[in-house]
Amino acid sequence: MKASRYLVGAGLAALIVAIDGAEALAQQLDTVTVTAQRREQAVTDVPIAIVVVEGQTLSEFSIDTLDDLQLSVPNLQVTQTGIGTQMYIRGIGTGNDPAFEQSVAQFIDGVSYGRAQLIRAPFFDIERVEVLRGPQSVLFGKNTVAGALSLITAAPTHEMQASATLTWMPEFGERQAEAALSGPLSDQLRGRVAIRYAAGDGFVSNPNRSRDEPRRDDFAIRGTLTFEPTDRFDVTLKLEHNRFDARGREIEVVQDVNTVTLPGGVPLTYANALAGAGLPGAITTSEFNFVRDADSDEFADNQIFNATLTANYDLGFGTLTSITGYVDYSRDELADLDFTNYFILTGLIDESYEQFTQEVRIVSNQDQRLRWIGGAFYQSSSLSNTDITGFGPAIANLGFAPLANVGLQRDYRTDSTAFAVFGELTYDLTERLRLIGGLRWTTEDKDATRVVAATSNPLAFNAPLITNPVTLAVIQGGLGVELNNPGGGSGHNLNRSRSESRLTPSLTVEFDATDDVMLFAAYKEGFKGGGFDVRGNRTAFFEFDEETVRSYEAGLRAELFGGRAQFNATAYFARYTDLQISQFDGTIGFNVGNAGETEISGIDMDGRFAITENLMLAAGASYLDFEYTDFRRGNCAFQQTPNGDVVDGVTLCDYTGRRGRFTPEWSAFARVSYDRPLTDTLDFSSVLNIGYTGSHNIHDNLDALGEVDGYTMVDLRVAIGAQNWQLAVLGRNLLDEEVLTFAANVPFASSVGANTQYAVPLRPRSIGGQASLRF
C-alpha cells in the first residue's frame, strides 16, 4: 500500500510542478484520424459518439484485452462469466449463449469478429482502437445495434523500424514480451512482423489445487505484406495466429446466505448443507477475498487464425476497396460449475467456428458537393459446439444418486449465409449545412441442429447413451431436460431453418455553427439477426427472434482555444425491441428469449486539452438512463415471486420498469500526461489514468445482492528514456479497489434455501516495470 501511495504521490507532484512552472503555452492538438465512416477523417468531423485509444497508450499500460480497455472508455462494460464473455455499450449487450452474435460488434482491419469467443483474444501491435457508441448498421452492418469496436493493426512502414517491449508485474508473476520489425523489402514491397508472448500465475488462490489462478500462457504472431506497384494501387495481406490458454479461472463464491435455520441456531447455508450431506469442506470461503474452491483441473485452450486481404485502387473519381477475410477459432474448455471442492458439476466444451467475408465498396472523392459510398457484403459461417454438463460422484450426496457419473451432452451446429448492399450519400446543402442519408439491405439464412442426450461419462464426448429409465426420469422430470435417448427420450433432436431480410436506414444533419463548432442530429435503425439456442435444455426455447433498435442522437464537435482543446458531446435516446437475452434457469440450463422493449437515454462527453507545451489532459464522462419498458419473461431471482408470463408451463418474472445489468448511471475517465526533457539526451514522461464506474447490478437475474458500489481505478506510468530506449515503473489499480464484474447463483444451492452466489473479480493492485527499445 505504501509503495502505491508513493507512486501516485510522485506522479501527482510531477504534474503539479509542471502546471505551476509552465511558461509556454502548448501548440495545437495533433489531429486524430479515424475511419469510422469508411473514409479517413479527423475525429472532430465525425457525427458519432466515438472514443479513440491510440496504440501508444495500449502499449505503455500493457492493455491487451477488452477487459482492460473498458477502464478507458465510459459506457463500455466487458466481463468474463461462468462460461463466456459479455460486452456492453450503453447497457446493451449479449448474453452467454454461443449462438448469439454480438450487439457490440468487433472489427479488426475491417473484418467482423462477431462471436463472443473472438472478443476474448488478446490484441497487440495496434495502431488505434475506435469505440463507436450507438447503432452503426449502414456502414458496419447487422449486429452493431449497440455499437462497434474497430481495431486497426499497425501497418508496414516505409522506413526500417524495430521495437521490443518487456513488461513484468512480479506480484502475480505476469510477464509479457512484444516485438515488431517493419520496413521496405523492395521499392514496391513493405513488410511487418509482430510477435507477442505473455504468461501469468494468476491472482485468485485455489488452495485445493495449491496454486493461484488463472495461470495464463499466450502466444501470437502476425505477418503483414503491402505491395504498392503504383501510386494508384496497393494490396495488403495479413496472416495472424493467436493462441491463448489458461489453467483455472478467476471465479469465487462471494456469498452464502441462508433463509432457513436448523435446530440449535445453525444457519442452513449451502456450505452447511453440503457438510451435512457428507461433503465437509466443500465451500471453505464465501466472501470476496480472492480465494476460490474448485476441484476440477480446469483448462481453456483457444486458437484463432485470421487471413485478411485488402486491396485499394484509385479510380480517379473515388477509391475502390476490397476486403476479403477468413477467421476461424477452436475452443476446448473444462469448467468447474459447482464451485466447490468436490466433483458435483462440470462443463466440458468443444467449439469451433469458421467465417468467410467479402466486402467491396467504392468511396467517392471528398472534394465535391455530393459525396457517396456504395458497396456490397457477403458472409458465410459455421459454428459447431459440443458440450457436456457432467455430474460427478458427489451429486449423489445431494439426493441425485441416479445422476452420478452421467454426462448431459448437447451437439449443436448452425450454418449461416448473409448478403447485404449498402450506400450513403452526403450532400452539401450550403457551405455550412450537410445532409447524410444511408440505407442498407440485409438478407440472411440460418440452419441449425441440436441433439441433447444423456451419456455414461461426464468427461468424455460421445460415450454410450444412458438407457436406465430411473436416470432418464430424474433428468427429464427433476431437472426439466428434454432428451433424445432410446427407451425414455422425448425427441430432443431438432433441425430448423429461418430466413430474414431487413432495411436499415440512417439520416444525419450536420451544421457548422462556426469554423470550429459542428452541430449534428441523427436518426438510425439497426437489427441483430435471430437464431437458435446452443445451451437450452427444452425444445420450446430453441429459436429466438431478431433484435431491432431505433435511435435518435444530437451533439456537437468543437475545437477551442485556437486548436488547443476539443470538446465532444452526444445526447441519445434509443428504443430496443425484442432484446435477445440468455439467463441461467437455476439448475443446469439457460433460457433464451427476447425482452420485449427497452429504452435507454443519456449523454456521452469527451475532450482533450493541451494545458501547456508539456502537459495534456484527456477526459470523458457518460450518463445512462436504462429501463425495461416491457419485459415479462425475466428469470426470477432467489425467492422472487413469479409475476410474469408463463412459458412452457413455467411462470417467469416481470422486469418491466427495472434497470438492466451493467448499467451504471455515471461512468467517467481522465488521462493526464506530462513529458519534458531532463537533459539533452534524457527525457521524462508520466501518465496518470483515472476511471470511474458508478454503482450498478452485475447479477444474471438482477438479484438485489448483485448491486455493486461505484469504484475508481487509478493507473500510473512514470518513465525515463532516450531516443532508442525507455525504462518505466507501471502501477495498475493503485487504490487496490476490490471489484466484481459478474455474478450468478451457484447451481443447486437454492434447493436448500440458500442464496449462494459466485462472481468474477477484477485484478487487484499490481506494480511492475517495463523496458522498451526502438530502432
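Anything mentioned here points back to the structure above.
Okay, so let's go over this structure. Note that residues are indexed from 1 along each chain, following the sequence as it is written. Residues qualify for local features only when their pLDDT is at least 70, as the model is predicted, and side-chain atom pairs are given and counted only at 80 or more; totals for whole chains, interfaces and linings, by contrast, use all residues. No hydrogens and no water enter the side-chain calculation; it runs on all heavy atoms of the structure.

In summary, the pairing rule links any two rings of Phe, Tyr or Trp, Trp by its six-membered ring, whose centres are within 6.5 Å, and it sorts them by plane angle into stacked for under 30 degrees, edge-to-face for over 60 and tilted for everything else. Scanning the model with the defined rule gives 24 aromatic pairs in all. Look at phenylalanine 172 and phenylalanine 203: their rings are 6.2 Å apart centre to centre, the planes differ by 70°, and that puts the pair in the edge-to-face class. Of this pair, phenylalanine 172 sits in the loop between strand E11 (161-169) and strand E12 (174-184) while phenylalanine 203 sits in the loop between strand E13 (189-200) and strand E14 (204-206), and the two are 31 residues apart along the sequence. Residue classification places phenylalanine 172 among the buried residues on the basis of a relative accessible area of 8%. Under the scheme applied here, a residue whose accessible area is under 20% of the maximum for its type counts as buried, over 50% as exposed, and between as partly exposed, the area being computed with a 1.4 Å probe on protein chains only. Residue phenylalanine 203 is classed as buried on the basis of its relative accessible area, which comes to 15%. Helix numbering and strand numbering both begin at the N terminus, where a helix is a DSSP run of H or I of at least 4 residues and a strand a DSSP run of E of at least 2.

By the convention used here, strands pair only if DSSP detects at least 2 bridges between them. Read across the sheet, five strands follow the order E3-E9-E10-E7-E8 without closing on themselves; strand pairing throughout is mixed. The sheet is open, and its two borders are formed by strand E3 (49-54) and strand E8 (111-113), each paired with just one other strand. For this sheet, the mean inter-axis angle between neighbouring strands, taken without regard to orientation, is 20°. As judged from the three bridges shared by strand E7 (residues 104-108) and E8, these two strands associate in the antiparallel manner. Along E8, the bridge assignment pairs glutamine 106 with tyrosine 113. Every axis corresponds to a line fitted to the C-alpha atoms, with the helix fit spanning only the stretch in contact, and the corresponding angles, defined between N-to-C directions, vary from 0 to 180 degrees.

Counting through the fold element by element, glutamate 354 comes out in strand E23 (residues 345-364). Classification of glutamate 354 by relative accessible area gives partly exposed; the value is 45%. Two residues form a contact once any of their heavy atoms are found within 4.5 Å. Ignoring anything within four residues of it in the chain, the contact list for glutamate 354 reads Tyr326, Val327, Asp328, Ser380, Ser381 and Ser382. Within the structure, the side chain of glutamate 354 is placed 2.8 Å from the side chain of tyrosine 326, a separation counted as a polar contact. Any pair of N or O atoms that falls within 3.5 Å is considered a polar contact. Within protein, one atom must be able to donate a hydrogen and the other to accept it, and sequence-neighbouring residues count only if both atoms are side-chain atoms.

A few words now on the layout of surface pockets. Of the two site types, the cavity is a set of points on a 1 Å grid over the protein atoms alone where a 1.4 Å probe fits but cannot get out, and the pocket is an open set with protein on both sides within 12 Å along at least five of seven lines, each lined by residues with an atom within 4 Å of a point. Grid points are joined across faces, edges and corners, and a volume is the space filled by probe spheres set on the points. Each pocket or cavity is described by its volume, and for the second largest pocket that value is around 1300 Å³. Taken together, 39 residues form the lining of the second largest pocket, with Thr35, Glu40, Asp234, Thr310 and Asn312 sitting closest to its centre. For the lining of the second largest pocket, the secondary-structure elements that each account for two or more residues are strand E9 (126-133), strand E10 (147-153), strand E16 (215-230), strand E17 (233-247), strand E21 (299-314), strand E22 (318-336) and E23. Residue contributions to the lining of the second largest pocket peak at five residues, all from E21. Within the lining of the second largest pocket, the residues separate by chemical class into eight nonpolar, 17 polar and 14 charged. Ten residues, namely Ala, Val, Leu, Ile, Met, Phe, Trp, Tyr, Cys and Pro, are considered nonpolar, four, namely Asp, Glu, Lys and Arg, are considered charged, and the remaining ones, Gly among them, are considered polar.

Attention shifts here to unusual backbone geometry. Put simply, glutamate 213 and proline 214 share a cis peptide bond, and its omega is -5°. Of note, proline 214 is situated in the loop between strand E15 (211-213) and E16. Phi at phenylalanine 662 is positive, roughly 55°, even though this residue is not glycine. By the element assignment, phenylalanine 662 lies in the loop between strand E38 (650-651) and strand E39 (666-677). You will see that leucine 702, though not glycine, has its phi angle at about 60°, which is positive.

What follows deals with the pairing of strand E24 (residues 370-391). Consecutive side chains of a regular strand alternate in pointing toward one face of the sheet and then the other. Alignment of E23 against E24, held across 19 bridges, turns out to be antiparallel. Note that in E24 the partner of glutamine 355 across the bridge is serine 381. Two successive antiparallel strands, E23 and E24, enclose a turn made up of five residues.

Turning our eyes to something else, we now look at the nonpolar core. Within soluble globular proteins, side chains that are nonpolar generally end up buried alongside one another. Counting 63 residues, the largest nonpolar core has Leu69, Leu149 and Tyr576 as the members making the most contacts within it. Here leucine 149 is in contact with Leu66, Leu69, Met87, Ile89, Val104, Ala105, Gln106, Phe107, Glu130 and Val131, once residues within four sequence places are set aside. Counting residues in hydrophobic clusters, the runner-up holds 49 residues, among them Ala454, Val474, Val746 and Ala754. Side-chain atoms within 4.5 Å link the members of a nonpolar core, which is a set of buried Ala, Val, Leu, Ile, Met, Phe, Trp, Tyr and Cys residues.

For the rest of this paragraph, the subject is the side chain of serine 381. Following the sequence through the fold, serine 381 ends up in strand E24. Serine 381 gets classed as buried once you look at its relative accessible area, which sits at 8%. When sequence neighbours within four positions are dropped, the list of residues in contact with serine 381 reads Tyr353, Glu354, Gln355, Thr414, Asp415 and Ser416.

This part is about the pairing of strand E28 (residues 517-528). Of the pairings in the sheet, the one linking strand E27 (residues 493-512) to E28 comprises seven bridges and is antiparallel in character. When the sheet's bridge partners are listed, serine 506 is paired in E28 with lysine 524. Connecting E27 to the antiparallel partner E28 that follows it, the hairpin turn spans four residues. Two elements, E28 and strand E31 (residues 547-560), share 12 bridges in a ladder whose sense is antiparallel. Across the sheet, the residue bridging to glycine 526 is valine 549, located in E31.

Glancing now at the sheet that holds strand E5 (residues 85-89). Remark on secondary structure: sheet strands pair via backbone hydrogen bonds, oriented parallel or antiparallel. A sheet is described by the order of its strands in space; here three strands give the open sequence E4-E5-E6, paired in antiparallel fashion. Edge positions in the sheet fall to strand E4 (76-80) and strand E6 (92-93), since each of these pairs with one other strand and no more.

Here, patches come from residues exposed beyond 30% relative accessible area and free of salt bridges, joined within 9 Å for like charges and within 5 Å for nonpolar side chains (Val, Leu, Ile, Met, Phe, Trp, Tyr). Here, Shrake-Rupley sampling with a 1.4 Å probe gives the accessible areas, and only protein chains in the shown set may cover a residue. Basic side-chain nitrogens of Lys or Arg form a salt bridge, by our definition, when they fall within 4 Å of a carboxyl oxygen of Asp or Glu. On the surface, Phe356, Tyr378, Phe419, Val421, Leu439, Trp441 and Leu503 cluster together to form a nonpolar patch covering roughly 590 Å² of accessible area. Elements with a minimum of two residues in the nonpolar patch: strand E25 (406-428) and strand E26 (433-455). Positionally, phenylalanine 356 belongs in strand E23. With relative accessibility at 34%, the residue phenylalanine 356 sits in the partly exposed group.

Quick look at the environment of leucine 268 now. Summarising the element assignment, leucine 268 is placed in the loop between strand E20 (266-267) and helix H5 (270-276). What makes leucine 268 buried here is its relative accessible area of 15%. Each C-alpha atom of the pair leucine 268 and valine 752 lies 7.4 Å from the other, and the pair is 484 residues apart in sequence.

In this structure, threonine 570 sits in strand E32 (residues 565-577). For threonine 570, a relative accessible area of 1% translates into the label buried. At 3.2 Å, the side chain of threonine 570 and the side chain of arginine 557 are in polar contact. Not counting chain neighbours up to four residues away, the residues in contact with threonine 570 comprise Ala49, Arg90, Phe520, Glu553, Ala554, Gly555, Arg557, Gly602, Ile603 and Asp604.

Should the charged atoms of two oppositely charged side chains come close, the side chains can pair. Taken as a whole, this structure holds 56 salt bridges when the rule is applied. Residue arginine 175 pairs with aspartate 201 through a salt bridge whose shortest N-O separation is 3.3 Å. Placement of arginine 175 in strand E12 and of aspartate 201 in the loop between E13 and E14 is noted, with a sequence separation of 26 residues between them. Ionic contacts of the salt-bridge type, sharing partners, join the residues Arg209, Arg211, Glu213, Arg249, Arg292, Asp297 and Glu298 into one network.

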